[in-house]
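# Fold and geometry: a report
These are the residues of each chain, in order.
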Amino acid sequence: MTQPATIRTVLLACFALSCSGALAATAAQPSPELAPANATQLLTVIKAPGAKVTLVNVWATFCVPCRHEFPVMLKVWREFKDQGLRLILVSTDLREDVPAAKKYLAQQGIDFTTYLKNQPDMEFINTIHEPWTGSIPATLVYDARGNLVTFWEGEASEQEFRNAVRQALDAKETK
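Attention here is on the structure that accompanies the text.

Here is what the cut-offs are and how they apply
Residues numbered from 1 in each chain as written. Predicted model: local features only at pLDDT ≥ 70, side-chain atom pairs only at ≥ 80, totals over all residues. Heavy atoms only, no water. Helix = DSSP H or I, 4+ residues; strand = E, 2+ residues; numbered from the N terminus. Buried < 20%, exposed > 50% of the residue type's maximum accessible area, 1.4 Å probe, protein only. Contact = heavy atoms within 4.5 Å. Areas by Shrake-Rupley, 256 points an atom, 1.4 Å probe, with all protein chains shown as cover. Salt bridge = Lys/Arg side-chain N within 4 Å of Asp/Glu carboxyl O. Pairing = 2+ DSSP bridges. Axes fitted to C-alpha atoms, helices over the stretch in contact; angles between N-to-C directions.

Right, let's talk about the overall build of the protein chain for a bit. For the protein chain, the count of helices and strands is six helices and six strands. Secondary structure elements of the protein chain occur, N-terminal to C-terminal, as α-β-α-β-α-β-α-β-α-β-β-α. Counting only residues that meet the buried cut, the protein chain has 39% of its 175 residues in that class. In the protein chain, 71% of the contacts between residues at least 6 apart in sequence involve partners at least 24 apart. Surface exposure of the protein chain reaches about 9,700 Å², of which carbon and sulfur atoms provide 58%.

Below you can see the structure in the form of structure tokens.
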């Protein structure tokens, strides 16, 4: 009679441990780092070696088109990252909105450092790309040497992201 109780106790203990481990893992999931950066620092990251193409997306949690295109952009990044696509995300959220931005990034599965603009708007905009009006979302695509290949403002479709990345990858391969 003691044997079934022991088996039941062991099974209950294993179940409790596996459940508490799952809950602990969920609760302990780190939020992505949101590192303050100015435009000059970002350009250094953009031009860092190691990527065939770098896609930079400037967004904010308060921007509905930004949130709408975010999953689409991530889908394209995941599709091309093994071919040398690097993704750099730059939040323009205000400091008081950083917790919301981190939460949003975690919900989207972002587990790498992203950046928080910490420079006056026009100085940041003009340093990144002078023709940029400052509208978000804004997307910039760079080649392996850090040269700007494509730029657009406003929400893009999955196909637009895919075409821009392919164009930059193809240009890299023909040079």
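Our focus in this paragraph is the side chain of R162. Tracing the chain through its elements places R162 in helix α6 (residues 158-174). Residue class for R162 comes out buried when judged on its relative accessible area of 10%. Among residues more than four places away in sequence, those in contact with R162 are V76, E79 and F80.

Applying the stated rule across the entire model yields five salt bridges. Salt-bridge contacts for E79 lead to R166; the nearest nitrogen and oxygen are separated by 4.0 Å. In this pair, E79 is assigned in helix α3 (residues 64-80) and R166 in helix α6, connecting sequence segments 87 residues apart. Here K117 and D121 are joined by a salt bridge, their closest N and O atoms 2.7 Å apart. The class for K117 is buried, based on a relative accessible area of 17%. Classification of D121 as partly exposed rests on a relative accessible area of 47%.

This paragraph deals with the sheet that holds strand β4 (residues 114-117). Here six strands make up an open sheet; going across it, the order is β1-β4-β3-β2-β5-β6 and the pairing mixed. Since the sheet does not close on itself, it has two edges, and those belong to β1 (34-37) and β6 (148-153), each with one partner. For this sheet the average axis-to-axis angle between neighbouring strands, irrespective of direction, equals 25°. In this structure, strand β5 (residues 138-143) lies alongside β6, joined through five bridges in antiparallel fashion. If you follow T139 over to β6, its bridge partner there is W152. In this fold helix α2 (residues 39-46) packs onto β1, β2 (53-59), β3 (85-91), β4 and β5, with an angle of close to 165° to the strand it touches most, β3.

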